[in-house]
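# A closer look at the structure
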Amino acid sequence: MNSSVLACPLCREPLEITGNVMRCANNHCFDQAKQGYWNLLAVQQKKSIDPGDNPLMVNARGQFLDLQYYRPLADKMSSMIADISRDLDRIDILDMGCGDGYYTEQWQAALSTANPLKEINFYGLDISKHAIKAATKRTKDMTWIVASGSKMPIKDNSLDILSVVFSRLMPGPFAKALKTNASLILVWPTDQHLIELKQVMYNDIKTSSYEPALELEPLFALENLQVLKFNFVLTAENQLSTLLDMTPHGQRINNETKQSLLNRLPLELTFSVNIGQFSKR
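What follows is about the sheet that holds strand β7 (residues 143–146). Judged by pairing direction, the sheet is mixed, and its eight strands sit side by side in the order β4-β7-β6-β5-β8-β9-β11-β10 without closing on themselves. Strand pairing shows two members of the sheet lacking a second neighbour, β4 (38–39) and β10 (220–234), which therefore form its edges. Of the strand pairs in this sheet, strand β6 (residues 119–126) and β7 are connected by four bridges, and their pairing is parallel. For L125, the partnering residue across the bridge sits in β7 and is I145. Set on the sheet, helix α3 (residues 102–114) makes contact with β5 (90–96), β6, β7 and β8 (159–165); between it and β6 the angle comes to about 175°.

So, in C-alpha cells, the structure goes:
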C-alpha cells in the first residue's frame, strides 16, 4: 500500500505506513480499520457527530450504481484519465468525494489493464465513514480514506489527477494538492439531468447558475468541456426508489408524489452532465 502522497491531518508532515499503522515524524498515529480503510478525519474537522452521507443514502447509491445505468460516465472518465496519464510513468490519482467507490473502482480496473507496467496509485476520499466502508467491499487494492475534502491529508503539489464527481467544489484545497499543470476532472449535472423527476416533483424548476470555471479562476484553466447525455429506462419500483434515496430529491419527496412517479413505470429518464477538464496554473 502506497502512502507517498499522504500527509498527517494534524501537522501536515508526511505519513508512512508500517503494518497497519500510519505514523508521521511527530508521532501522530492512525490505525487501519478492520475493513481496510484509514480514518484521517481529525475531530476538530467534524461539523457533526457523523458527517457525510448516512447509511441509507450510501446503500441506495451502491444498489443503483450497480445496475450500471451510469456506466457510460465511468467509461468516459476512464478514457479521459488514460489520455491524461499516457505519458506519465507514475500516476497518483485521488477521487475526492468518492462515495462507495463505484467510479473509482471502474477507473482503476481500466487504467491498470491498459497500463500494466505503470505505477498507478489510486486514493478514494470521502468524509462519510459509511461510504468508505462500502468502498472497501468493492476493492481493497487502493487506499481508502475518511477525511475532510477542505483539509485533505494530501501533500502539497503531489497529485497528477484529482476527480470530483457530483461533489463540492473547493478550488483552494484542490490546487494545493495538485502538481502544476496537473488535471482536475469535474463532473456536474446540466439542467436536463433527471429532468423528468423534477417535472413531477417541483412546480417551479429553477435554472442553475453554477459556473465552475468562474469559481476555479485564477487557480485553474479550462482545457476541455464536454456534455455526456443519454436516456435510460427504469422498469421496477426498487430501481426508482434507490435512485430517489441516493439523491437530495429523496429527502424532499412526499408519499403522494413518489406514488405518482411509481405509477409512471416504466419511466424513461435523462442522464446529462458536464465533464470539465481543468489544468492547474
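Secondary-structure assignment places D100 in the loop between β5 and α3. Accessibility expressed as a relative area gives 6% for D100, which makes it buried. Within the structure, the side chain of D100 is placed 2.6 Å from the side chain of R138, a separation counted as a polar contact. Other than its neighbours up to four places away in sequence, D100 contacts G62, L65, A131, A134, A135 and R138.

The subject of this paragraph is the nonpolar core. Of all hydrophobic cores here, the largest spans 49 residues; its most connected members are Y70, L73, Y103, L197, F232 and L243. One finds L15, F30, L94 and L216 within the second-largest nonpolar core, a separate group that totals 33 residues.

About the thresholds
Residues numbered from 1 in each chain as written. Predicted model: local features only at pLDDT ≥ 70, side-chain atom pairs only at ≥ 80, totals over all residues. Heavy atoms only, no water. Pairing = 2+ DSSP bridges. Helix = DSSP H or I, 4+ residues; strand = E, 2+ residues; numbered from the N terminus. Contact = heavy atoms within 4.5 Å. Axes fitted to C-alpha atoms, helices over the stretch in contact; angles between N-to-C directions. Buried < 20%, exposed > 50% of the residue type's maximum accessible area, 1.4 Å probe, protein only. Polar contact = N/O pair within 3.5 Å; in protein donor to acceptor, adjacent residues only side chain to side chain. Core = buried A, V, L, I, M, F, W, Y, C linked by side-chain atoms within 4.5 Å.

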